[in-house]
Each structure stands twice: as structure tokens, then as C-alpha cells.
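# Survey of secondary and tertiary structure
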Amino acid sequence: MSQQSNTKQVTNVELLAMKQRGEKIASLTAYDASFAHILDHAGVDMVLVGDSLGMVVQGQASTVPVTVDEMAYHSKIVARGLTRALLVTDMPFMSYSNINAAVTNAAKLMQQGHAQMVKLEGGQKVIECVKHIVDQGIPVCGHLGLLPQSVNQLGGYRVQGTSEAQAQLIIEDAKCLQQAGASAIVLECVPAALAKKITAAVNIPIIGIGAGIACDGQVLVSYDMLDITVGKRPKFSKNFMLEAGNISDAVSAYVNAVKSKQFPAAEHSF
Ligand code: KIV
């Protein structure tokens, strides 16, 4: 498998340029320096320190128990493994419940966690937090569709945006996030047709997970695509270890599949 030859640091501006050029953005989660190094070397554009670490690293039932200190720690050690990829770090549950908390915690993830962008879940409900974080010079990635931090309210991990009213709300949320200054949006578990509309409706990159092929990029939980996750792999993920001899080749195969629009296939979409 080919390895990354372009070593220019990926920024929020570059993500935007990739959308404009029609070049797909390949993203994966990482939680430590060694994995981060492998992802960076294989050409992953955006490395996400997801609060999914609560489930896949800590063995918790959801992302809800994850703390800001834990995110800052994992972000800091992931940063040590990166030279090229953009480092995006999740703001965990309740860390942006008001504007002061949001700005303080985003600053902590940047200063202690060496994040280059922070990600938070929600649309219009969190728009004031997004605006205030952006006003401090911190790039923000939104997260729409299935919001894992709200799993207790949603009653489980379900496909979102299936009714016309829900779909309209998500489209409006995406436009509001763009208006508030967000640099990108992760769109999780929505019908592929809706994701296509959202991707066309905004100028900022839409990074899909379970959102079909039309998104500007794709993200997966690395443990899912490397077949490390305990239990059933989500329908939208794929075991890239099946045809690879080692982790580096599996990650390179994922990057190539995203860039060449081979992943996700219809079987990974809703
Ligand atoms: O926490 C995470 O890993 C995420 C991905 C599901 C996008 O937010």
C-alpha cells in the first residue's frame, strides 16, 4: 500500500479547499501516539480524538461518563504521533452546557490537549457556544444526525432524519453551524439522500459516518474498522483488516477506498 508522500500540515482551510476541489477527506479516530503515527503516515487527513474512547478504550456503555481531563490527556498523547493530519478533539458530555464552560473547556483542549479544532454535538441548541468558541480563534467542528452524547434521550443508537420534519431540522442546523463559523460538520447515521442534500446546502465540509457516499469525507471509529471493537460492528463500518496483513495496510486501504469513492458502499449506508 502507498504511504503518505505529501507532508504539508492539514488545516481547516485545507479541508475547505478539499471540498472545493472535490477531493474526499479521510478521517479516523485515534486515542494514543502509536495509532496516531500509523494514521498520519497512511495519509489520514483528519485524526479525531473521539469521546468514543469511553466505549472502545475504557469499556463504558456510552460516551456520557467521559471527562474533559480524559479528553485532554488522550488528545495530548495523540498530538505526539502526528506531523500532517489535523487534530480534532471531542468536547465531552456537559462540557459545553453553558457559554463559559464551553469556552473554558475548548481552551483547555487546545492548550493542554494540543487540539487544532474542537468538536461538539448539536445544532441550533449549541449555536451560542459555537459562536463564542469561534470568537476566541478556536476552530469548531459540528456534529449532527445521531448524537451519541444524547443516547439516553434518543432511546438508543438509531438512524436520524428519517421523517421530513427531522430532515428539515438537520438541514437548518447545518446552515446555522456554518453561519456561526463552524469549519466542518460530522454527520452521523442519516439516510444517504439527506446527507447528499446537506452536503450541497453548505460550503463547509461534511464528514459522514453512516451517511453515504455523497459526503465530502468519511470518518470511522478506528477500532471498528480494525476489528478490535468488542461485540457487533455497526452496519456503516467495514472490517479493513480482512484483506490487510497489518494495521498500516488496513488504514492505507481505508484511505484509498475513501479517496477513490469505493467506501462507503450501499451496504454501509441507510
Ligand atoms: O466519538 C467519536 O468517535 C465520534 C465519531 C463517531 C465521529 O464522534
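Calculation notes
- Residues numbered from 1 in each chain as written.
- Predicted model: local features only at pLDDT ≥ 70, side-chain atom pairs only at ≥ 80, totals over all residues.
- Heavy atoms only, no water.
- Buried < 20%, exposed > 50% of the residue type's maximum accessible area, 1.4 Å probe, protein only.
- Helix = DSSP H or I, 4+ residues; strand = E, 2+ residues; numbered from the N terminus.
- Pairing = 2+ DSSP bridges.
- Right-handed = clockwise from strand over helix to strand, strands pointing away.
- Contact = heavy atoms within 4.5 Å.
- Axes fitted to C-alpha atoms, helices over the stretch in contact; angles between N-to-C directions.
- Parallel < 35°, antiparallel > 145°, perpendicular 65-115°, else oblique.
- Left-handed = near helix turned anticlockwise from the far one by under 90°.
- Expected span 1.5 Å × (residues − 1).
- Near = heavy atom within 4 Å.
- Polar contact = N/O pair within 3.5 Å; in protein donor to acceptor, adjacent residues only side chain to side chain.
- Areas by Shrake-Rupley, 256 points an atom, 1.4 Å probe, with all protein chains shown as cover.
- Salt bridge = Lys/Arg side-chain N within 4 Å of Asp/Glu carboxyl O.
- Phe/Tyr/Trp six-rings, centres within 6.5 Å; stacked < 30°, edge-to-face > 60°.

### Examining the pairing of strand 3 (residues 86-90)
Taken across its five residues, strand 3 has five buried, putting it largely inside the fold. Residues Leu 86, Val 88 and Asp 90 point to one face of strand 3 and Leu 87 and Thr 89 to the other, with burial holding for every one of them. As paired elements, strand 2 (residues 46-49) and strand 3 share four bridges and run parallel to each other. Across the sheet, residue Val 49 finds its bridge partner in strand 3, namely Thr 89. Pairing of strand 3 with strand 4 (residues 117-121), which is carried by three bridges, proceeds in the parallel orientation. Residue pairing in the sheet places Val 88 in a bridge with Met 117 of strand 4. Regarding topology, helix 5 (residues 99-111) serves as the crossover connection from strand 3 to the parallel strand 4, and that connection is right-handed.

### A short note on the environment of Gly 122
By secondary structure assignment, the location of Gly 122 is in the loop between strand 4 and helix 6 (127-135). On the basis of relative accessibility, which here comes to 8%, the residue Gly 122 falls in the buried class. Sequence-wise, Gly 122 and Leu 147 are 25 residues apart; in three dimensions their C-alpha atoms are separated by 7.2 Å. Contacts of Gly 122, omitting those with residues within four sequence positions, involve His 143, Leu 144, Leu 147 and Leu 177.

### Digging into the packing of helix 5 against helix 6
Remark: helix 5 packs on helix 6, axes separated minimally by 9 Å, with the N-to-C direction vectors making an angle of 45 degrees. It follows from the interaxial angle that helix 5 and helix 6 lie oblique. The hand of the helix 5/helix 6 crossing is right-handed. Of the residues in helix 6, those in contact with Ile 99, Ala 102, Val 103 and Ala 106 of helix 5 are Glu 128, Cys 129, His 132 and Ile 133.

### Observations regarding the environment of Asn 105
Checked against the element boundaries, Asn 105 lands in helix 5. According to the relative accessible area criterion, Asn 105 is buried, its value standing at 15%. The sequence separation of Asn 105 and Leu 28 amounts to 77 residues, and the corresponding C-alpha distance is 23 Å. Those residues within four positions of Asn 105 in sequence are excluded, and the remaining contacts are Val 68, Met 91 and Ser 95.

### Focus on the sheet that holds strand 3
With parallel pairing, eight strands are arranged side by side around a closed barrel as 1-2-3-4-5-6-7-8. Each strand of the sheet is rotated relative to its neighbour by a mean of 25 degrees, with strand direction disregarded.

### Notes on helix 4 (residues 68-79)
Its twelve residues place the ends of helix 4 16 Å apart at the C-alpha level, agreeing with the 16 Å of an ideal helix rising 1.5 Å per residue. Inspection of helix 4 places Val 68, Met 71, Ala 72, His 74, Ser 75, Ile 77 and Val 78 among the buried residues, and these make up the whole buried set. At its buried positions, helix 4 is contacted by helix 2 (33-41), strand 2, helix 3 (53-56), strand 3 and helix 5.

### Describing the site of the ligand
Inspection of the region around the ligand gives 13 residues, with Gly 50, Asp 51, Ser 52, Asp 90 and Lys 119 positioned closest. Contacts to the ligand include Asp 90, whose side-chain N or O atom sits 3.1 Å from an oxygen atom. Lys 119 places a side-chain nitrogen or oxygen 2.8 Å from an oxygen atom of the ligand. Within the complex, the protein chains bury 95% of what would otherwise be the 260 Å² of accessible surface of the ligand.

### Description of the pattern of salt bridges
A complete count under the given rule lists ten salt bridges for this structure. Where Lys 19 meets Asp 216, a salt bridge forms, and the shortest distance between an N and an O atom there is 2.8 Å. Of this pair, Lys 19 sits in helix 1 (residues 12-21) while Asp 216 sits in the loop between strand 7 (206-209) and strand 8 (217-220), placing them 197 residues apart in sequence. Of the charged contacts in the structure, one is a salt bridge between Lys 259 and Asp 45, with a shortest N-O distance of 2.6 Å. In this pair, Lys 259 is assigned in helix 11 (residues 247-259) and Asp 45 in the loop between helix 2 and strand 2, connecting sequence segments 214 residues apart. Take Lys 259: its relative accessible area is 28%, and that puts it in the partly exposed class. On the basis of relative accessible area, Asp 45 is assigned to the buried category, the value being 1%.

### Some thoughts on the packing of aromatic side chains
Following the criterion strictly, the structure yields five aromatic pairs and no others. Geometrically, the ring pair formed by Phe 240 and Phe 263 is edge-to-face, given 5.5 Å between the ring centres and 75 degrees between the ring planes. You can see Phe 240 sitting in the loop between helix 10 (222-225) and helix 11 and its partner Phe 263 sitting in the segment after helix 11, a full 23 residues away along the chain. Here Phe 263 falls in the buried class, since its relative accessible area comes to 3%. Linked through ring pairs, Tyr 31, Phe 35 and Tyr 223 together constitute an aromatic cluster.

Structural measurements only, silent on function.
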